[in-house]
Protein chains: 2
Amino acid sequence: MDRFLSHATNRIDAKGRVSVPASFRGVLAKLDIRELYCFQDFVFPAISAGGPELLDRFERQIAGEDPFSPQANEMSLLIHGGGVFMKLDQEGRLMVSDFIRDFTGITDEVTFVGRADHFQLWAPQVFQEAQAAARQERRLRGLRPG
Amino acid sequence: MDRFLSHATNRIDAKGRVSVPASFRGVLAKLDIRELYCFQDFVFPAISAGGPELLDRFERQIAGEDPFSPQANEMSLLIHGGGVFMKLDQEGRLMVSDFIRDFTGITDEVTFVGRADHFQLWAPQVFQEAQAAARQERRLRGLRPG
DNA sequence: TGGGACCATATGGGGGTCAATGGGATTTGG
DNA sequence: CCAAATCCCATTGACCCCCATATGGTCCCA
């Protein structure tokens, strides 16, 4: 597998760590990603995580604008100020910091959600509801799959 | 790490000092920056800090304009009149002067915010609000990553 | 076909290391 | 000579390396 798919929920231990699903770790290994760039998602209350090239992509987008413009400044505030590099420990776990908890509402469990070229960290219940809402909206618009 | 990333909040002690996050100090060491050039941000109520070459860059931009133009005059007023050099003490702390407090509203805690080639000092709550506003604006514009 | 060996993943916790913080002592500058 | 800044040392707590245990699934063989 070469992309992040499906979702899984894992428990946070007493030290505040959580295991990244093995299938996701496999993708990370395959893409040779050793450090995760994590940032606060622009739409959902979730943390998005992917390789450093995610940040590169954002920075290229900024570079296209006037560097002194308020738009560029705002964008930097989000992707630099709102982003972190994180490392997994030897067992493939990551620390669930306040940076993550405050933004997502995560307390004792994390739902990992695959998004092809990156994955996300959600509070389980929030994810369920967002998914249900998305399904509902799709139904209303008549955009059924198949 | 070769650039300033993420954010962290530290407490100001009884003597008015605050620790610069270790990850930021690591970047400073890597770039061999011993003295910080600090100035009042052009957009947000925050103090920006970086190496002396930041000032050089501003001065080069001024040099490119008519030296007697209102723009050049204004720019100089901001980067010269609104800028200072600061040093860290042996433990990597800096004094939070009135220069910083008055402009940012900082009282007893400082949020350090990475901005790639420099970092900023914010009042924690002001930063939270500015970031939320930036995210909201981005959402309205419909600019998704990728 | 059912039981059990085997394996991979998730989880728990000890202990060392380093960063953040607090405060006394000394120097510096006005 | 006084106030503020800096040096130096101590304490606390968070994070990370390392090893141990639990849990669930698969495969093989009787």
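Our subject is the structure listed above.
The following paragraphs examine the structure supplied in this document. (Residues numbered from 1 in each chain as written. Chains lettered and ligands numbered in written order. Predicted model: local features only at pLDDT ≥ 70, side-chain atom pairs only at ≥ 80, totals over all residues. Heavy atoms only, no water.)

The next thing to look at is the overall build of chain A. Scanning chain A for helices and strands turns up five helices and eight strands. Walking chain A from its N terminus toward its C terminus, one meets helices and strands in the order β-β-α-β-β-α-α-β-β-α-β-β-α. Its C-alpha atoms put chain A at 45 × 45 × 30 Å along the principal axes. Expressed as a percentage of the 146 residues in chain A, the buried residues total 44%. The contacts in chain A between residues at least 6 apart in sequence include a share of 59% that link residues at least 24 apart. If you average the places of the 18 positive and of the 20 negative side-chain charges in chain A, the two averages end up 9 Å apart. (Helix = DSSP H or I, 4+ residues; strand = E, 2+ residues; numbered from the N terminus. Buried < 20%, exposed > 50% of the residue type's maximum accessible area, 1.4 Å probe, protein only. Contact = heavy atoms within 4.5 Å. Lys, Arg positive; Asp, Glu negative; His and termini not counted. Charge placed at Lys NZ, Arg CZ, Asp CG, Glu CD.)

Below, the discussion takes up the sheet that holds strand β1 (residues 7-11) of chain B. Residues and elements named next belong to chain B. Strand order in this open sheet of six strands is β1-β7-β8-β4-β3-β5, and the pairing throughout is antiparallel. Whereas interior strands pair on both sides, the edge strands pair on one side only; in this sheet they are β1 and β5 (83-86). For this sheet, the mean angle separating the axes of adjacent strands, direction not counted, is 25°. The sheet contact formed by strand β3 (residues 36-40) and strand β4 (residues 47-50) spans four bridges and is antiparallel. Bridging from a neighbouring strand, Phe39 pairs with Ser48 of β4. Relative to the sheet, helix α1 (residues 22-30) contacts β3, β7 (109-114) and β8 (119-122), its axis offset from that of β7 by approximately 50°. (Pairing = 2+ DSSP bridges. Axes fitted to C-alpha atoms, helices over the stretch in contact; angles between N-to-C directions.)

Close contacts around DNA strand D come from 13 residues, with A:Gln90, A:Glu91, B:Lys15, B:Gln90 and B:Glu91 the closest. Within 4 Å of the protein, the atoms of DNA strand D are drawn from sugar and phosphate moieties in a proportion of 44%. For DNA strand D, a base nitrogen lies 3.3 Å from a polar atom in the side chain of B:Arg17. Interatomic distance of 2.7 Å between a side-chain N/O atom of B:Gln90 and a phosphate oxygen of DNA strand D. Mapped by element, the contributors of at least two residues to the surface near DNA strand D are β6 (93-95) of chain A together with β6 (93-95) of chain B. (Near = heavy atom within 4 Å. Polar contact = N/O pair within 3.5 Å; in protein donor to acceptor, adjacent residues only side chain to side chain.)

It is worth spelling out unusual backbone geometry at this point. Residues other than glycine seldom take positive phi values, yet A:Ser6 does so here, at roughly 70°. A relative accessible area of 52% places A:Ser6 in the exposed class. A positive phi angle, near 55°, is found at B:Asp32, a position not held by glycine. Here B:Asp32 is to be found in the loop between α1 and β3.

No statement about biological role is implied by the geometric values presented.
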